[in-house]
Amino acid sequence: MSTPDALARLRALQADDLPVHGGRTLAYVYDSGLADVDRVGREAVAAYAGSNGLDPTAFPSLLQMENELVGFAADLLNAPDEAVGTVTSGGTESILLAVQAARDSRPEVVSPSMVIPETAHAAFHKAAHYFGVRTVVVPVGDDFRPNPWAMGRAIDGTTVLVVASAPSYAHGVIDPVTEIAAQAKSKKVRCHVDACIGGWVLPYAERLGRDVPEWDFRVPGVTSISVDTHKYAYAPKGTSVLLHRSPELRRAQYFASARWPGYTMLNATTQSTKSGGPLAGAWAVVTTLGDEGYLALTEQVLDAVEAIVAGIGEVAGVRVVVPPDSTLVAIACDETLDPFTLTDEMTSRGWYVQPQMSFAGRPATVHLSVSAATLAGVDDLLVALRDSVAAAVKAGPVVVDPGVVDFIAALDPARLTDDDFEGLLAASGLMGDPDAGLALPERMAEVNALLDVASPAMREALLVAFLDRLARPARE
Ligand SMILES: Cc1ncc(COP(=O)(O)O)c(C=O)c1O
């Protein structure tokens, strides 16, 4: 292809994706609504796309930008002078490294474990899986927060890490960090605060006079914090900051290998060669916006959340699951409507909201990650919500065929075969033309309802089988 043709093809492909601008995509993306900020981020990514973060002596500008970005984050989170940090590729990598460093700092522990609230992000389960760390999961109460004393009681001689969220993704509430960190400190165990999604909002919310419980490095016992710049710092995708209270706490995160004839590999992150683009993009956006810019954006996003919460209160059939502490809103539906139909209806009206499956005896909900750019469209969003609720009530409940429910119940998630998966696709009517591959329906309510009746282990197995089908080489 010629360059113009390739670029035209790229644009055509991208047209099928969710929009990243406009504030109407309420998961996955975070929109400042500021064209100049987007432009500076994009140009910085492009300028550094070929630079390699593998070796800071070869690309000293990347080291300087990393130190400046970590310094900004350390100031923001009230870190002590001796605090250090690393720019990673995202929230999951920051969490993986926090868990790995905690494990490797305690090599004497034979079967290491970590104590996490049931609402902790799935990245902790991924870290447990990758690093052989057991999860000790503490349930949350009616306020969707764990009891800190229950967390304390769950700590034993194998515990290498205790976790709190600020806030949790699914419900948007801040865990009792002060009490949880005190429990960890009294037992000399590390405490990580996952502020991946709230860490760039809450400090400004506090400065704006909002009521924010203490959660950052001012809390004794908090040893590390993750905060994602590719979320509410409104930077291009691909960066997060992992801060440790001291260099000693970070040491085990580093990896070096001189056991081969090439260059000595020396990494602070899981990646070795890594593009300088995301770091440059984050640096450029944070430098452009600065504290003043983030204060204004935080005021906008919190005003949007307030208006959305108030608006939800006026729509019969839906309610906010729990008053949000930051920028995430979870919506519950009463028995008159199905949450998965509601998400489809919102999508068809140009508002992408995210379905959340039922879990631990609690019903399915609808998730909104609100952006600063959403403020301008809040009235439209509430009209769409009202109309979507009416349409979902009219459509009635989504009933999963009892035969399909039985089919799923009879399957063993640990041994799901291709034949099982195909049988399920056929039974549920999802298998279109077998030669054309998987046919994704326009509306997802039936698929989500089907997943919702499956156990978490079965959901995992089905979705892995599904992803495996999607990810097949496109060959001539
Ligand atoms: C609280 C929290 N932790 C961790 C993550 C994982 O971040 P990422 O998707 O950047 O890996 C998220 C993502 O939404 C999050 O909300």
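Residues numbered from 1 in each chain as written. Predicted model: local features only at pLDDT ≥ 70, side-chain atom pairs only at ≥ 80, totals over all residues. Heavy atoms only, no water.

Topic: the domain arrangement of the protein
Interface extent is often summarised as the accessible area lost during association of the parts.
So, step 1. For the protein, the assigned domains are domain 1 (41-286) and domain 2 (402-470).
So, step 2. Of note, the centres of domain 1 and domain 2, computed from C-alpha atoms alone, are 35 Å apart. (Domains from an automatic or database assignment.)

Details of the sheet that holds strand 12 (residues 354-356)
So, step 1. A sheet is described by the order of its strands in space; here 4 strands give the open sequence 10-11-13-12, paired in antiparallel fashion. Both outer strands of the open sheet, strand 10 (318-320) and strand 12, are each paired with one neighbouring strand and no more. Sheet twist, expressed as the mean angle between neighbouring strand axes with direction ignored, is 35 degrees.
So, step 2. Sheet analysis places strand 12 next to strand 13 (residues 365-369), joined by 3 bridges and oriented antiparallel. Within strand 13, the residue paired with proline 355 across the bridge is valine 366.
So, step 3. Most of the contacts of helix 11 (residues 339-348) go to strand 12, to which it runs at about 170 degrees, and overall it touches strand 10, strand 11 (328-333), strand 12 and strand 13. (Pairing = 2+ DSSP bridges. Helix = DSSP H or I, 4+ residues; strand = E, 2+ residues; numbered from the N terminus. Axes fitted to C-alpha atoms, helices over the stretch in contact; angles between N-to-C directions. Contact = heavy atoms within 4.5 Å.)

Quick word on the nonpolar core
So, step 1. Judged by nonpolar contacts, the single largest core of 88 residues is most densely connected at Trp200, Trp215, Tyr232, Tyr294, Leu368 and Leu385.
So, step 2. Among the elements that line this core, the one with the most residues is helix 10 (residues 277-312), at 15 residues.
So, step 3. Discounting chain neighbours no more than four positions away, the residues touching tryptophan 215 are Leu77, Ala166, Ile174, Val177, Val193, Ala195, Gly199, Leu202, Pro203, Val222 and Ile225.
So, step 4. Within the second largest apolar cluster, 22 residues are counted, among which are Val404, Ile408, Ala449 and Ala461. (Core = buried A, V, L, I, M, F, W, Y, C linked by side-chain atoms within 4.5 Å. Buried < 20%, exposed > 50% of the residue type's maximum accessible area, 1.4 Å probe, protein only.)

A short note on the site of the ligand
So, step 1. Neighbouring residues of the ligand: 13 residues in total, closest Gly91, Thr92, Asp194, His230 and Lys231.
So, step 2. In this structure, an oxygen atom belonging to the ligand sits 2.6 Å away from a side-chain N or O atom of threonine 92.
So, step 3. Aspartate 194 places a side-chain nitrogen or oxygen 2.7 Å from a nitrogen atom of the ligand.
So, step 4. Coverage of the ligand by the protein chains reaches 83% of its 390 Å² of free accessible surface.
So, step 5. Ranked by residues supplied to the shell around the ligand, first place goes to helix 4 (residues 91-104) with 3 residues.
So, step 6. Grouping the amino acids of the shell around the ligand by side-chain chemistry returns 5 nonpolar, 5 polar and 3 charged. (Near = heavy atom within 4 Å. Polar contact = N/O pair within 3.5 Å; in protein donor to acceptor, adjacent residues only side chain to side chain. Areas by Shrake-Rupley, 256 points an atom, 1.4 Å probe, with all protein chains shown as cover. Nonpolar A, V, L, I, M, F, W, Y, C, P; charged D, E, K, R; others polar.)

A closer look at the packing of aromatic side chains
So, step 1. Enumeration according to the criterion identifies 8 aromatic pairs in this entry.
So, step 2. Feature note: the residues Phe72, Trp200, Tyr204 and Tyr294 constitute an aromatic cluster, connected by ring pairs. (Phe/Tyr/Trp six-rings, centres within 6.5 Å; stacked < 30°, edge-to-face > 60°.)

Observations regarding the side chain of aspartate 31
So, step 1. Relative to the assigned elements, aspartate 31 resides in the loop between helix 1 (3-14) and helix 2 (35-47).
So, step 2. There is no salt bridge for the buried aspartate 31, and the closest opposite charge comes from arginine 42, which lies 9.4 Å off by N-O distance.
So, step 3. A polar contact is formed between the side chain of aspartate 31 and the backbone nitrogen of glycine 22, at a distance of 2.6 Å.
So, step 4. Excluding anything up to four places from it in sequence, aspartate 31 contacts Val20, His21, Gly22, Gly23, Asp38, Tyr234, Ser371, Ala372 and Ala373. (Lys, Arg positive; Asp, Glu negative; His and termini not counted. Salt bridge = Lys/Arg side-chain N within 4 Å of Asp/Glu carboxyl O.)

Observations concerning the pairing of strand 3 (residues 134-138)
So, step 1. Where strand 2 (residues 113-117) lies against strand 3, 5 bridges are found, and the strand directions are parallel. Note on strand 3: the bridge partner recorded for methionine 114 is threonine 135.

Observations regarding the environment of leucine 77
So, step 1. Take leucine 77: it is sitting in the loop between helix 3 (60-76) and strand 1 (84-88).
So, step 2. Discounting residues that sit within four places of it in the chain, leucine 77 has contacts with Gly199, Pro203, Trp215, Asp216, Phe217, Ile225, Val227 and Leu243.

Quick word on the side chain of serine 165
So, step 1. Following the sequence through the fold, serine 165 ends up in strand 4 (residues 159-165).
So, step 2. Not counting residues up to four positions away in its chain, the partners in contact with serine 165 are Ala120, Val173, Ile174, Asp175 and Asp194.

Points about the packing of helix 4 against helix 5 (residues 123-131)
For any two helices packed against each other, the geometry is given by the interaxial angle and the distance between the axes.
So, step 1. One can describe the packing of helix 4 onto helix 5 by two numbers: an axis separation of 9 Å at closest approach and a directional angle of 45 degrees. Compared by their axis directions, helix 4 and helix 5 come out oblique. Remark: the crossing between helix 4 and helix 5 carries right-handed chirality. In this structure, helix 4 contributes Thr92, Ile95, Leu96, Val99, Gln100 and Arg103 to the contact, and helix 5 contributes Ala123, Phe124, Lys126, Ala127, Tyr130 and Phe131.
So, step 2. Tallied by class, the residues present in the contact of helix 4 with helix 5 amount to 8 nonpolar, 2 polar and 2 charged. (Parallel < 35°, antiparallel > 145°, perpendicular 65-115°, else oblique. Left-handed = near helix turned anticlockwise from the far one by under 90°.)

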